[in-house]
Amino acid sequence: EPRMKPMSAERRSRILPTGVGALLLVVMGGVLTAGFRLATQMKSSFASLQTASALQWQPPLIAQQLTTVPDRLGGRTYIGQTVADLKSAIGTFDRDLARLAQELGGSSQLAQAQLLWRQLQPVLAPVANLDGQPYVDSVESGSPLSRGGLALYGDVKRAQLFTRENTRNLQALLAGVSAELQG
């Protein structure tokens, strides 16, 4: 029957540092994992804060671009680029707002901003999706507004009124979202 030998002092002195080293590796791994998670969360929060901060300045920009459309219509100048810029600003705002909502989830101010934006979109759409020429070229009368141009002018005026009433509210809601993220 084999007998177990008692562990030598030399062997015991090697096991203790090895055990302590292994324990330190486990603790350091846990700390690094927690730090990585915190850094990832902070990076995500920072990105959301940047998006929210940028978004709060988009409604006044959209309102400003909307204001140039009737000026160009009145001056009978080319409005294609103005409408394209408006459409681009609307698309950027829509995309960034959706991304922020996906990142943040349940912010009540963000939900209110989304609701207000959903109300604004159908009012802006007829202007941003201009189809056709707003002028009729005529030798006798110059370039009067076409039927589509008159409709566009009415759409712009409705959009301006609705935007004027709601831009500050939308901007304030988005500023509130930014403040929540800063907190």
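Report follows, based on the coordinates.

Reading the values: rules and limits
- Residues numbered from 1 in each chain as written.
- Predicted model: local features only at pLDDT ≥ 70, side-chain atom pairs only at ≥ 80, totals over all residues.
- Heavy atoms only, no water.
- Helix = DSSP H or I, 4+ residues; strand = E, 2+ residues; numbered from the N terminus.
- Buried < 20%, exposed > 50% of the residue type's maximum accessible area, 1.4 Å probe, protein only.
- Areas by Shrake-Rupley, 256 points an atom, 1.4 Å probe, with all protein chains shown as cover.
- 1 Å grid on protein atoms, 1.4 Å probe; cavity = no way out; pocket = protein on both sides within 12 Å on 5 of 7 lines; lining within 4 Å.
- Points joined across faces, edges and corners; volume = space filled by probe spheres on them.
- Nonpolar A, V, L, I, M, F, W, Y, C, P; charged D, E, K, R; others polar.
- Salt bridge = Lys/Arg side-chain N within 4 Å of Asp/Glu carboxyl O.
- Contact = heavy atoms within 4.5 Å.
- Patch = residues over 30% accessible without salt bridge, like charges linked within 9 Å, V, L, I, M, F, W, Y side chains within 5 Å.
- Expected span 1.5 Å × (residues − 1).
- Bend = angle between axes of the 7 residues up to and from the residue.

Topic: the overall build of the chain
Summing up its helical and strand segments, the chain has 5 helices and 0 strands in all. Across the 183 residues of the chain, 30% fall into the buried class. Carbon and sulfur atoms provide 59% of the accessible area of the chain, an area that totals close to 12100 Å².

Remarks on empty space enclosed by the protein
Under the defined criterion, the tally for this structure stands at 1 cavity of 30 Å³ or more. Each pocket or cavity is described by its volume, and for the largest cavity that value is around 40 Å³. Elements that contribute at least two residues to the lining of the largest cavity include exactly α2 (58–74), α4 (108–128) and α5 (147–182). Split by residue class, the lining of the largest cavity holds 6 nonpolar, 2 polar and no charged.

Looking at the pattern of salt bridges
Scanning all chains against the criterion turns up 4 salt bridges. Between Asp 96 and Arg 95 there is a salt bridge; the shortest N-O distance is 3.9 Å. On the basis of relative accessible area, Arg 95 is assigned to the exposed category, the value being 51%. Across the pair Asp 155 and Arg 158 runs a salt bridge whose closest N-O atoms are separated by 2.5 Å.

Brief notes about the environment of Gly 149
Secondary-structure assignment places Gly 149 in helix α5. Taking the C-alpha atoms as reference points, Gly 149 and Val 136, 13 residues apart in sequence, are found 8.8 Å from one another. Look past the residues within four positions of Gly 149 in its chain and what remains in contact with it is Leu 73 and Pro 134.

Digging into a nonpolar patch on the surface
On the surface, Leu 16, Val 20, Leu 24 and Met 28 cluster together into a nonpolar patch covering about 410 Å² of accessible area. Within the secondary structure, Leu 16 is located in helix α1 (residues 9–55). Since its relative accessible area comes to 60%, Leu 16 is described here as exposed.

As for α4
For α4, built from 21 residues, the straight-helix expectation of 30 Å at 1.5 Å per residue is met to within 8% by its first-to-last C-alpha distance of 29 Å. Along α4, the sharpest change in direction is near 35 degrees and occurs at Pro 122. Looking at α4, one finds that the buried residues are Leu 110, Ala 113, Leu 116, Trp 117, Leu 120, Leu 124, Val 127 and Ala 128. As for α4, its buried residues are in contact with α2, α3 (80–104) and α5.

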